[in-house]
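# Coordinate analysis (summary)
Residue-level listing of the chains:
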Amino acid sequence: MTITNGVGAPAVLAATPAAQQGPEHVEQPVAYDAIVLAGFGGPEGQDDVIPFLRNVTRGRGIPDERLEEVAHHYRHFGGVSPINQQNRDLKAALEAELASRGIDLPVIWGNRNWQPYLAEALEEAHARGFRTLLGLATSAYSSFSSCRQYREDFAMALEQTGLTGELRIDKVRQFFDHPGFVTPFVEGLREALAGLAERGIAEGGIRVLFATHSIPTDDALRSGDRRVDYGPGGAYAAQHLAVGEAVMRELGSAVPWQLVYQSRSGPPTQPWLEPDVNDVIAGLADEGVTAVVIVPLGFVSDHMEVLWDLDTEAVETAEQHGLIAVRTPTPGTHPAYVAGLVDLVLERVHGTATAERPALTEYGPWFDVCRPGCCENVRAGFKPAIAGVAP
Ligand SMILES: CC1=C(CCC(=O)O)c2cc3nc(cc4[nH]c(cc5[nH]c(cc1n2)c(C)c5CCC(=O)O)c(CCC(=O)O)c4C)C(CCC(=O)O)=C3C
Ligand SMILES: [Fe+2]
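None of these values were measured; they are calculated from a predicted model. (Residues numbered from 1 in each chain as written. Chains lettered and ligands numbered in written order. Predicted model: local features only at pLDDT ≥ 70, side-chain atom pairs only at ≥ 80, totals over all residues.)

Take the packing of helix 7 (residues 179–198) against helix 13 (residues 335–350) next. Contact geometry for helix 7 and helix 13: axes closest at 7 Å, N-to-C directions at 170°. Between helix 7 and helix 13, the crossing angle belongs to the class labelled roughly antiparallel. Across the interface between the two elements, Pro 179, Gly 180, Phe 181, Thr 183 and Pro 184 from helix 7 touch Ala 336, Tyr 337, Ala 339, Gly 340, Leu 341 and Asp 343 from helix 13. Residue classes in the contact of helix 7 with helix 13 are distributed as 7 nonpolar, 3 polar and 1 charged. (Axes fitted to C-alpha atoms, helices over the stretch in contact; angles between N-to-C directions. Helix = DSSP H or I, 4+ residues; strand = E, 2+ residues; numbered from the N terminus. Parallel < 35°, antiparallel > 145°, perpendicular 65-115°, else oblique. Contact = placed C-beta atoms within 7 Å. Nonpolar A, V, L, I, M, F, W, Y, C, P; charged D, E, K, R; others polar.)

Attention shifts here to the sheet that holds strand 8 (residues 257–262). Across a sheet, strands are paired by hydrogen bonds formed along the backbone, either parallel or antiparallel in direction. Read from one edge to the other, the open sheet built from 4 strands follows the order 8-6-9-10, with strand pairing classed as parallel. Every other strand in the sheet has two partners, leaving strand 8 and strand 10 (324–327) as the edge strands with one partner each. Strand-to-strand twist across the sheet, computed as the mean angle between neighbouring axes with direction ignored, equals 30°. Relative to strand 8, strand 6 (residues 206–213) runs parallel, the two sharing 6 bridges. Bridge pairing in strand 8 places His 213 opposite Gln 262. Sitting on the sheet, helix 10 (residues 277–284) is in contact with strand 6, strand 8 and strand 9 (291–295), with an inclination near 135° to strand 8. Sheet strands touched by helix 12 (residues 309–320): strand 6, strand 8, strand 9 and strand 10. Its angle to strand 10, the strand with the most contacts, is close to 165°. (Pairing = 2+ DSSP bridges.)

A word on the site of ligand 1. Near ligand 1 you find 24 residues, and of these Gly 42, Ser 81, Ser 265, His 303 and Met 304 are the closest. A total of 3 residues in the shell around ligand 1 trace back to one element, the largest contributor, which is helix 2 (residues 49–57). Grouping the constituent residues of the shell around ligand 1 by class yields 8 nonpolar, 13 polar and 3 charged. (Near = placed C-beta within 6 Å.)

With that out of the way, let us pick up the domain arrangement of the protein chain. Partitioning the protein chain into structural domains gives domain 1 (14–176 + 334–356) and domain 2 (179–327). Taking the mean C-alpha position of each, domain 1 and domain 2 sit 24 Å from one another. At the junction of the two partners, domain 1 supplies 29 residues and domain 2 supplies 26 residues. At the level of elements, helix 3 (64–76), helix 4 (83–100), helix 6 (144–161) and helix 13 are the ones that each hand at least two residues to the side of domain 1 that touches domain 2. (Domains from an automatic or database assignment.)

This part takes up the pairing of strand 6. For a regular strand, side chains alternate in direction, first toward one face of the sheet and then toward the other. Of all the 8 residues making up strand 6, 8 are buried; the element is thus mostly covered by neighbouring parts of the structure. Of the strand pairs in this sheet, strand 6 and strand 9 are connected by 5 bridges, and their pairing is parallel. Looking at the pairing, Val 208 lines up with Val 293 of strand 9. (Buried ≥ 20, exposed ≤ 12 C-beta atoms within 10 Å, placed from the backbone.)

Glancing now at the sheet that holds strand 4 (residues 132–137). On the basis of which strands lie adjacent, the open sheet formed by 4 strands has the order 3-2-4-5 and parallel pairing. With one partner strand each, in any of the chains shown, strand 3 (107–111) and strand 5 (168–171) form the two edges of the open sheet. Shown here is a sheet whose adjacent strand axes are inclined to one another by a mean of 30°, direction ignored. Pairing analysis gives 5 bridges linking strand 2 (residues 34–39) to strand 3, with the strands arranged parallel.

The description of two helices packed together rests on the angle between their axes and the distance between the axes. Closest axis-to-axis distance for the helix 10/helix 12 pair is 9 Å, and the angle between their directions is 15°. Taken together, the axis directions place helix 10 and helix 12 in an arrangement best described as roughly parallel. As helix 10 runs across helix 12, the sense of the crossing is right-handed. Contacts between helix 10 and helix 12 involve Val 277, Asn 278, Ile 281 and Ala 282 from the former and Glu 313, Ala 314, Thr 317 and Ala 318 from the latter. (Left-handed = near helix turned anticlockwise from the far one by under 90°.)

Laid out in structure tokens, this is it:
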């Protein structure tokens, strides 16, 4: 058996008996009663900021100085994160898309870290008589923060509301390489490169920076299927690199690109994925680069990590080093993204065969039911989670 390192066909390290694995994809139709849109949540006023940050970091060992610093980002915008409004807009766009296709599936919205909480969404679903729910998390890649934590928070909400056993909750697969998610990035980058060409900037003087949230290296190595070696940075980094490659391939562009990380937190002693976007930008001026295009590949909407860490900090770093910086759009409510999410829902409603599911990288289509040990987090302990096979 060969074990690949880096981006390549994933290698299975240790076989788990098939009987313990459960199906990787649910290829039978399921009559869902409703969709539960699961967001991150954000504060909507100055008084919400600290309680929100305590919710996010509960039991996580984030230093107080970091919380102060992050509170300042929110305070700068009146204590309001745009993320809740973005999820209201996404909910409305999904409802319109479902209605236009004649699909009768209500969308109920709940957050992990702020009102309306997931527990409220489950109570509402139950009160409306819904029993079979399809979770849709606003997060595309595999890692504890972007996959398993949503699954654990669903399980916790079931416990809190006493609805465990009453409600079935499945979850839409990670959609990092679904065309609906990738298309808005392709379009945004195409436009940005055309704009730079109009300004007479040579391709050789441009660097495309695909930006995503840094995570602890330990989490990254545990992202994805435990039995697979995805190389340094685990499935999380491998998926991002593969999507970056897919975007450049779709564009047919030869502009040099790289993956960069942002929004690091945690104690300085804990290793997180690198390089940081600001360090990379600072070094590029010496390499003869005159313009950077920042593509927020890890994010679904223009929330605080985009508005502050990229549009404020990274753009400032570029200015300090005399570089032009352009930040391209996130999917938001782009029609391709909204339609793609509805397509992902329909995969489950219809039990679409895996071979017919769109995926732009060799890592997809990702699993409907997470694999053993998927995206575990040793620091957080091992908690029950929906939509996965038993570890
Ligand atoms: C992978 C990933 C995504 C992308 C996937 C996804 O979209 O879900 C994401 C999104 C987001 N992260 C957000 C906010 C925060 N994340 C924090 C902390 C952390 N994020 C982490 C990872 C990720 N985070 C990690 C490993 C931590 C360390 C602590 C922990 O292990 O939990 C903290 C605490 C302070 C700090 O450390 O910065 C805050 C306030 C918001 C809301 C923004 C808004 O309000 O507009 C969003 C969308
Ligand atoms: Fe975060």
